[in-house]
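The chain contents come next:
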Amino acid sequence: MSLNKEANKLYKEEKYAEAYDILIEEIKAKQEFNIYAYSSYGRICRKLNKQKEFLQVIKPLLLSEEMVDFTVEFFADNIGWCLYDLYIPKYDENCDYDIIEKSQFILKHCKQKELNEYKYNPLIFTVFKIVKVLKDRSSVNYKKIIELLELLDPLKLPLDNVQTIKGPNDREMELASSREVYYQDLTKAYEKTRQFEKAYTLCDKALNENSKWHYRNDLWIKARKYYCLCLANVDFDINIEEYKKIVEEKKFWFMYHNLGNLMIAHSQIDEGFYYLCLALEISQDPENKYGVMMDIANILLNVYKKENGAKKFYQAALYFKKLNGWTIGNSLDFRQKQFNLSDTVKPNLFELKKLTLEYAVNIKSFNVGIIKKIDINKGFGFIKLLDGTRDIYFKIKNIKNKKNYLDINTFVTFEVQQYNNKKEAIKIEKV
């Protein structure tokens, strides 16, 4: 029996140290490259946490790739796994090396395996790790994300490799499958790089293939499909209605923002502006909505000729950009000088919210007001109409989806019904 075969026998018996002693002796004695011996050496080094030693020994091969055929998959994978172990899983932005640079061998020489061999594949785990790192950066390199994910075949990614973790209150939560993550990340990257046809085509593929979704990923995929169809001007009137249905059902501010801009781009100014106003939910993360503030200000100034209102929204956008340390673009810089705006003046968020709702009410007639009084024990309260003309009575049981309690000064929409010759607010919902 050759020393290599003897080492492999010991490896299968999990006698890794003995296997290592035999094999390193053969490698040193022969002083020539044997792909099978070196491959066994790499596998044994992984078991003994000697990956650095293995990579150091084969370093001349990596520096002069013509010395060996790296298309031999089992050998390329052994090198790839050792590189992966050392540089990929524990990488964060505090590391003193570049994860993409350390991954070059894996990305170039390791191949994606068939679906049933998913977990034996250093390429897949490396790609997903790098993509996660890129997504977490303040400035996301979507072109690189596309380059990485396009190395993979989604049909060779599992639909059911979900992991269960402990979430808040020790509740068990399932993580999304690899194929689900692939579709979510790649369709978003296509959208962000304005490759709309690729985006909506892949969205369709994803929706037709996946049998189980997590974290509303099917909703994001479906919304992205219609959004990109609209951006590509494919049957706009049909697809904008489909997108609008999702937006009005889910009420996510960024979707309202997208919807508003789509409609404005197609000369539906009033309705588009209405959705921009709804996007500005001041109660949630106003510092992230400077883009909405800029769009509202631009319409107020350039279309509706309301300079005073526009200045308030430019001021708010300037303040939050400065607060976050983000670069002020040329457009906002121009408005700062034009209107002599200060980046240290904190905007009155309540006033901005009231203004946007007033604009929205002028475009589409609906009831909106502010919670003036609420008595949780007696089960009733009063809403002050937005124009301040009068108050309207409501029963707490008629508040929708907010656990029957809203703070004073919360903006709400509602319907009105007659009850015992008096008007009463029903279907009350936080704006």
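Scroll up to find the structure.
Residues numbered from 1 in each chain as written. Predicted model: local features only at pLDDT ≥ 70, side-chain atom pairs only at ≥ 80, totals over all residues. Heavy atoms only, no water.

(A) Structural context of the overall build of the protein. Counting secondary structure elements, the protein contains 20 helices and seven strands. Computed over C-alpha atoms, the radius of gyration of the protein comes to 30 Å, more than 25% over the 22 Å expected from 2.2 N^0.38 for 431 residues, which places it beyond the range of a compact globule. Its C-alpha atoms give the protein principal-axis dimensions of about 100 × 50 × 45 Å. The proportion of buried residues among the 431 residues of the protein is 47%. Sequence separation of 24 or more characterises 55% of the internal contacts of the protein that already satisfy a separation of 6 or more. Accessible surface for the protein amounts to roughly 23,600 Å². Of this, 46% is attributable to carbon and sulfur atoms. (Helix = DSSP H or I, 4+ residues; strand = E, 2+ residues; numbered from the N terminus. Rg over C-alpha atoms; globule rule 2.2 N^0.38 Å. Buried < 20%, exposed > 50% of the residue type's maximum accessible area, 1.4 Å probe, protein only. Contact = heavy atoms within 4.5 Å. Areas by Shrake-Rupley, 256 points an atom, 1.4 Å probe, with all protein chains shown as cover.)

(B) Representation of empty space enclosed by the protein. The full count for this structure, using the stated rule, is one cavity of 30 Å³ or more. Roughly 50 Å³ of internal volume is contained in the largest cavity. Lining of the largest cavity is provided by Glu 26, Ile 27, Lys 30, Glu 32, Asn 34, Ala 37 and Tyr 38. Put simply, the parts of the chain that give the lining of the largest cavity at least two residues each are α2 (16-30) and α3 (35-47). The greatest single-element share of the lining of the largest cavity, amounting to three residues, is contributed by α2. For the lining of the largest cavity, the residue count by class is three nonpolar, one polar and three charged. (1 Å grid on protein atoms, 1.4 Å probe; cavity = no way out; pocket = protein on both sides within 12 Å on 5 of 7 lines; lining within 4 Å. Points joined across faces, edges and corners; volume = space filled by probe spheres on them. Nonpolar A, V, L, I, M, F, W, Y, C, P; charged D, E, K, R; others polar.)

(C) How the structure looks around the side chain of Gln 112. Tracing the backbone shows Gln 112 in the loop between α8 (104-109) and α9 (122-136). A distance of 2.6 Å separates a polar atom in the side chain of Gln 112 from the backbone nitrogen of Asp 153. (Polar contact = N/O pair within 3.5 Å; in protein donor to acceptor, adjacent residues only side chain to side chain.)

(D) Region of interest: the pattern of salt bridges. This structure, assessed with the given rule, holds 25 salt bridges. Among the ionic pairs, Arg 137 bridges to Glu 93, the shortest N-O distance being 2.8 Å. Of this pair, Arg 137 sits in the loop between α9 and α10 (142-149) while Glu 93 sits in the loop between α6 (73-87) and α7 (99-102), placing them 44 residues apart in sequence. A residue is classified by how much of its surface remains accessible, and Glu 93, at 48% relative accessible area, is partly exposed. Between Glu 241 and Lys 244 there is a salt bridge, and its shortest N-O distance comes to 3.3 Å. (Salt bridge = Lys/Arg side-chain N within 4 Å of Asp/Glu carboxyl O.)

(E) Inspection of the state of the cysteines at higher detail. All chains considered together, the criterion is met by zero disulfides. Of all cysteine sulfurs, the one in Cys 228 lies closest to Cys 230, which takes part in no disulfide; the gap is 9.2 Å. Taking relative accessible area as the criterion, Cys 230 reaches 1% and is therefore assigned buried. (Disulfide = S-S within 2.5 Å.)

(F) View of the pairing of strand β7 (residues 422-430). As paired strands, strand β5 (residues 391-395) and β7 are joined by two bridges and run parallel to one another. Bridge pairing in β7 places Tyr 393 opposite Glu 424. Sheet analysis places strand β6 (residues 411-419) next to β7, joined by seven bridges and oriented antiparallel. Of the residues in β7, the one forming a bridge with Gln 418 is Lys 423. Remark: two residues form the turn of the hairpin made by β6 and β7, two consecutive strands paired antiparallel; Asn 420 in that turn has positive phi of roughly 55 degrees. (Pairing = 2+ DSSP bridges.)

(G) Main features of the pairing of β5. In this structure, strand β4 (residues 380-385) lies alongside β5, joined through five bridges in antiparallel fashion. Looking at the pairing, Phe 380 lines up with Lys 395 of β5. Linkage of β4 to β5, two consecutive antiparallel strands, is achieved through a turn of five residues, within which Gly 388 is found at a positive phi near 75 degrees.

(H) Main features of the sheet that holds β5. With mixed pairing, the five strands of this closed barrel are ordered in space as β3-β4-β5-β7-β6. On average, each strand axis in the sheet is tilted by 50 degrees relative to the strand beside it, whichever way the strands run. Packed on one face of the sheet, helix α20 (residues 349-363) meets β3 (367-375) and β6 and runs near 50 degrees to β6. (Axes fitted to C-alpha atoms, helices over the stretch in contact; angles between N-to-C directions.)

(I) Quick peek at the nonpolar core. Phe 54, Ile 79, Tyr 243, Phe 313 and Tyr 314 are the most contacted members of the largest nonpolar core, which totals 117 residues. Filtering out sequence-adjacent residues up to four positions away, Tyr 314 remains in contact with Met 294, Ala 297, Asn 298, Leu 301, Leu 332, Arg 335, Phe 339 and Leu 341. Ile 374, Ile 399, Leu 406 and Ile 428 belong to the second-largest nonpolar core, a separate cluster that totals 13 residues. (Core = buried A, V, L, I, M, F, W, Y, C linked by side-chain atoms within 4.5 Å.)

(J) Focus on the layout of surface pockets. The space that makes up the largest pocket amounts to roughly 1,100 Å³. Taken together, 29 residues line the largest pocket, and the ones lying closest to its centre are Tyr 142, Lys 188, Glu 191, Lys 192 and Phe 254. Going through the elements one at a time, α9, α10, α11 (178-192), α13 (217-231) and α15 (253-265) are the ones with two or more residues in the lining of the largest pocket. Taken together, the residues that form the lining of the largest pocket break down as 16 nonpolar, six polar and seven charged.

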